[in-house]
Every structure is written in C-alpha cells, then in structure tokens.
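Each chain, letter by letter, is given below.
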Amino acid sequence: MLVRGGSIVTPEGVFRADVKVVDGRIAALGEDLSAAGVDEVLDASGLLVFPGLVDEHVHMREPGLEYKDDFTHGTMAAALGGVTTVIEQPNTLPPVDEPQKLVSKAALLKDKAYVDFALYGVLHDTNTHLMEDLLGVGAVGFKVFLGPTTGNIPPPSEGSLYEILSKSSRLGVTIAFHAEDHQLVSYFTNLVKSSGRLDPQAHEDARPPIAEELAVMKLILMSRRTGGRVHILHMSSREGVELLKEALWEGVNVTGETCPHYLTFSSDDYPKYGTLIKVNPPIRSNPHREALLKAVNEGVISALGSDHAPHAREEKMRSVWDAAAGFPNVQTFFPVILDMALRGLIKLTAIPKLASENPAKYFGLWPRKGSVRVGSDGDLVIVDPNGKTLVSEEWLQYKHKVTPYLGWELRGEIKYVVLRGHVIVRNGRLVTAEPKGVWIKRSSS
Ligand code: DOR
Ligand code: ZN
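Residues numbered from 1 in each chain as written. Chains lettered and ligands numbered in written order. Predicted model: local features only at pLDDT ≥ 70, side-chain atom pairs only at ≥ 80, totals over all residues. Heavy atoms only, no water.

Moving on to the coordination of the zinc ion (ligand 2). Listed as protein donors to the zinc ion (ligand 2) are His57 (NE2), His59 (NE2) and Asp307 (OD); their distances from the metal cover 2.0 to 2.2 Å. Read from N- to C-terminus, the donor residues coordinating the zinc ion (ligand 2) fall into the pattern H-x1-H-x247-D. With His59 in the loop between β8 (53-58) and α1 (71-80) and Asp307 in the loop between β15 (303-304) and α12 (313-316), this pair connects stretches of sequence that are 248 residues apart. Residue His59 shares its accessibility class with Asp307, and that shared class is buried. (Donors = N, O, S within 2.8 Å, 3.2 Å for Na, K, Ca; no water. Helix = DSSP H or I, 4+ residues; strand = E, 2+ residues; numbered from the N terminus. Buried < 20%, exposed > 50% of the residue type's maximum accessible area, 1.4 Å probe, protein only.)

Here you go:
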C-alpha cells in the first residue's frame, strides 16, 4: 500500500513524504513514490501520519476477569484509538507468573487480537527463579506491584527486589513498577477511613505522594546498586518526578511513565466525576499535574501509557472505599494526547517518542515497532488535525463505557489506522472483518 502526500510526524520533525508498505513492512519513504504494483493508495494530503501507538500499559482483563472487559473489545477499542500494539499487563486470573501461564494466555488472545500484542510476566517473592524461562517463552518485560491494587499481588521483599533488579541488569530486561509503598498506603488508608470520610477525594489522601516518593526512592537506590532497568509506571506526583530527574542526571538506569489522566484531571475534578476518576495512584492537586506536564515536556518522563483498566459499571458506582480503581483508557489514549498537542500543551513531535518509540524500545520491540522508518512494521495512524473527535457511547468499544471522557470533544480526528499494511480503521470505523493482530515476542536486538 501507499500513503500519499501526508506529513510524517517524527521525533526529529514533521516531514512531507509518501510511505510505501510492502508485505507488512515499510519499504520506502520519500517524495512522489511510485504506485506501481500497489493494491491501495491512501490520500493523506493535509493529514498527519504518526507511527502506530505502542501502549505499554493496558489491562485487558482476559483471562479470568471478562466481566470487566475482554481482549476482543479492548483491542477493537485500541484500533479505533490508533494504538497498533498493546503490551498487556499480567494481573489477570491466573496472574502471569509462570511460563506455562504466559503461553496459555498468548494462545487464548491470539485469535481475538485486533491489534498486535505483547505480554508482561509478573514477579513476586516466589517466582524470581522463573525470569529466564518467562523471557524464553516471549515475555517482553516484567511487572512488579510494590503497592496494593486490582489483583492484590503482594509486593516482593527487599531481598527479592534486589535479586529481580540484579537479574534485570544481567538479562537486559525492563522491570515496570507500580511504585506506591504498600505499608504507607495501608497506614494512610486506615487513617483516612477511620476519620469517617466518604467523599471521593478521600482516596487521594489515602495514598499520599510520600507513598510514591518512598517507592521511587527505593527503586532508584536498588537500580543504582544493581544496574537493574527500572521503569516507573503511572507517575502521579511532583515528588516522584523530582527524584526521577535527579536519578537521570546521575545516570541511574531508570525511566518514568505517566498517563494522560494525570495530565488532564486534578483533584478539583473529584466533585464532578467522583469515583469515575478513582485510580491508583490517585489523581492529585494541580501543582502535581503541572509538575508532571513539565516533566513530560522536558523529557524527564519519557513514556506515556494509558493504564487502560476497565471495570464493570457496578464496581465503579460504589462508595469511595468500595469502588474499583482504574477506568478504560486505551481508545482515548491517543485522541487525548493529540488534543493536548493541538492545544499547545505538549509538542506534536514529542508524541511519537513518548507513545511509540520509547515504549517499543523499553520492551524490546524496536525497531520493528515504534517508528516510521524503512524496515519497521507498516503501523500508521493518519490524522486530520482540523477534525474533531466526540467521545460517544457509540464510538467507544468497551463493555462498560464508564469513562470520565464520555462526552468530551477533542481536537483532531483519526482518519485511518494501518496495521502492518492493512487498513483496519477508515473514517473512524473498524473495517476489518476478522482480528489481524499477532503476538510479538521480545526481539533479541
Ligand atoms: O487504578 C488502577 N487500576 N491502577 C493499577 O495500577 C491497576 C489497575 C487495575 O488493574 O485495575
Ligand atoms: Zn496499570
């Protein structure tokens, strides 16, 4: 296929070029490429061409939690939102903590994937000896939960953490962390609960910044001593970002991710959205939001992930202490970031690095995924910057459309999504009859 006349958005700048995809891979980039032998020409004049997004942080819930959502709905949503690769989190049922479980999960998901997918394994106290075997069957990275959240996977001891990061250094594999200190979260949760508070913002105070700060501090120290590759997910606080910035200056092997909701919402929104915006770590006050935005713009935070975390409607519509944490995000991930860029809050050219290239690099998928360059997979999102996206029930593919973004009108409109040379979305509609996604394992490069 040939994408003609578009402006390609890359980390280095925006360039006018055609893109030719042959047998699923980008075969040529340049002006006025010939259409000879091509099955389809997409006219992208006046449109922006991005690399397909690599969402490094989705919880699609299958297997075991399909009542919340499933891989079919989740990857259809991803496709419509311009995400062509998802890296699926391991807190499904059973948790992905043994090689056989990873293999079975991949086998289950592979015929349901509307976009390409890769899998995390999870590490805890009793399976650190399985790291090599999990990598051997195709895990692209590992998740470690330091704090409590959906699935209640217990945090590893300090000894196991040291071992995990020592092995990470030897094996060159990224360990992604839910960085909230378990004991501090328990302490503050008990304190705030016993005060009798029931307002949705109580959740913020039950998991204060110091819980993130302590976890981040510990991870930086462990990485400094072991050389382990630490990636801190869903950073939510000014304090966490300050520690990350210092560690980067020092050259510690650590990177950070945040999610669009920490940049779009603040604690001022609890009265309006209530438990809809309950998420772990919590959405905090405006100074935190501003510090996170600054960190993204300065490159201190180098990745964005959606933390797509769907729950059943009933689970979200409970009191603050009983409501589930998280909400579905994969479909609005790119539209929300694009809207931010079109409003001048982040640079347009930062998007490919933050949401495609770096996530692909951190999890061993680059250069196959994450860049518009010759030899990479032909995964593209083609966008009209002058169009609009209405986040409507009809557009959203989730089983439970419980998202605070419902009804939002965003700048920018996805016209086409291309997965390895197949047009899977056309004018905002999924046009692929059957799922075309494949399981991507870690590349050795
Ligand atoms: O709010 C959250 N929900 N945060 C997480 O880290 C996990 C996620 C989930 O799986 O529900
Ligand atoms: Zn998550």
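Let us look at the pairing of strand β3 (residues 13-16). Pairing analysis gives four bridges linking strand β2 (residues 7-10) to β3, with the strands arranged antiparallel. Paired with Ile8 across the two strands is Phe15, which belongs to β3. Turn length for the β2-β3 hairpin, with the two strands adjacent in sequence and antiparallel, is two residues. (Pairing = 2+ DSSP bridges.)

In the neighbourhood of ligand 1, 14 residues make up the surrounding shell, with Arg61, Thr150, His178, Asn280 and Ala325 lying closest. In the model, an oxygen atom of ligand 1 is placed 2.8 Å from a nitrogen or oxygen of the Asn280 main chain. Within the side chain of His311, a nitrogen or oxygen atom sits 3.3 Å from an oxygen atom of ligand 1. Its free accessible area being 290 Å², ligand 1 has 100% of it covered by the protein chains. Of the pockets mapped on this structure, ligand 1 occupies the largest cavity. Tallied by class, residues from the shell around ligand 1 come to three nonpolar, nine polar and two charged. (Near = heavy atom within 4 Å. Polar contact = N/O pair within 3.5 Å; in protein donor to acceptor, adjacent residues only side chain to side chain. Areas by Shrake-Rupley, 256 points an atom, 1.4 Å probe, with all protein chains shown as cover. 1 Å grid on protein atoms, 1.4 Å probe; cavity = no way out; pocket = protein on both sides within 12 Å on 5 of 7 lines; lining within 4 Å. Sits in = over half its atoms within 2 Å of the grid points. Nonpolar A, V, L, I, M, F, W, Y, C, P; charged D, E, K, R; others polar.)

A few words on empty space enclosed by the protein. Applying the stated criterion across every chain, the model contains two cavities of 30 Å³ or more. Taken together, 16 residues form the lining of the largest cavity, with His59, Thr149, Asn280, Asp307 and Ala309 sitting closest to its centre. Taken together, the residues of the lining of the largest cavity break down into four nonpolar, nine polar and three charged. Estimated volume of the second largest cavity: approximately 30 Å³. Around the second largest cavity, the lining residues are Pro51, Gly52, Val54, Thr84, Thr85, Lys369, Gly370, Ser371, Asp377 and Asp379. (Points joined across faces, edges and corners; volume = space filled by probe spheres on them.)

In space, the eight strands of this open sheet follow the order β8-β9-β10-β11-β12-β13-β14-β15, with parallel pairing throughout. In this open sheet, the two strands that pair with only one neighbour each are β8 and β15. Two strands pair when backbone bridges link them, and strand β12 (residues 174-178) and strand β13 (residues 229-232) are joined in this way by four bridges, in the parallel orientation. Pairing of Ile175 across the sheet is with Val230, part of β13. Along the sheet face, helix α13 (residues 333-342) touches β8, β9 (83-88) and β15 and points at about 115° away from the line of β8. (Contact = heavy atoms within 4.5 Å. Axes fitted to C-alpha atoms, helices over the stretch in contact; angles between N-to-C directions.)

Along the chain, Ser376 turns up in the loop between α14 (351-362) and β16 (380-390). In this structure Ser376 comes out as buried when scored by relative accessible area, which is 1%. The residues contacting Ser376, other than those within four sequence positions of it, are Gly24, Arg25, Ile26, Pro367, Arg368 and Ser371.

With that settled, consider the packing of aromatic side chains. Aromatic ring pairs are described here by two measures, namely the spacing of the ring centres and the angle between the planes. Taken as a whole, this structure holds eight aromatic pairs when the rule is applied. A ring pair is formed by Phe265 and Trp408, whose centres lie 5.5 Å apart and whose planes are at 55°; its orientation type is tilted. Here the residue Phe265 occupies a position in the loop between α9 (260-264) and α10 (270-273), and Trp408 occupies one in the loop between β16 and β17 (409-419), the gap between them amounting to 143 residues. For Phe265, a relative accessible area of 1% puts it in the buried group. On the accessibility criterion, Trp408 (23% relative accessible area) is partly exposed. Directly above the ring of Tyr362 sits Arg229, whose terminal nitrogen or CZ lies 4.8 Å from the centroid. A cation sits over an aromatic face here: Lys361 above Trp366, 4.4 Å from the ring centre. (Phe/Tyr/Trp six-rings, centres within 6.5 Å; stacked < 30°, edge-to-face > 60°. Lys NZ or Arg CZ within 6 Å of the ring centre and 35° of its normal.)

Here we come to helix α2 (residues 99-109). For α2, the complete set of buried residues consists of Pro99, Leu102, Lys105, Ala106 and Leu109. Axial view of α2: buried residues confined to an arc of 125°, hence all on one face. At its buried positions, α2 is contacted by α1, β9, β10 (116-122) and α3 (131-136). (Arc of directions from axis to C-beta.)

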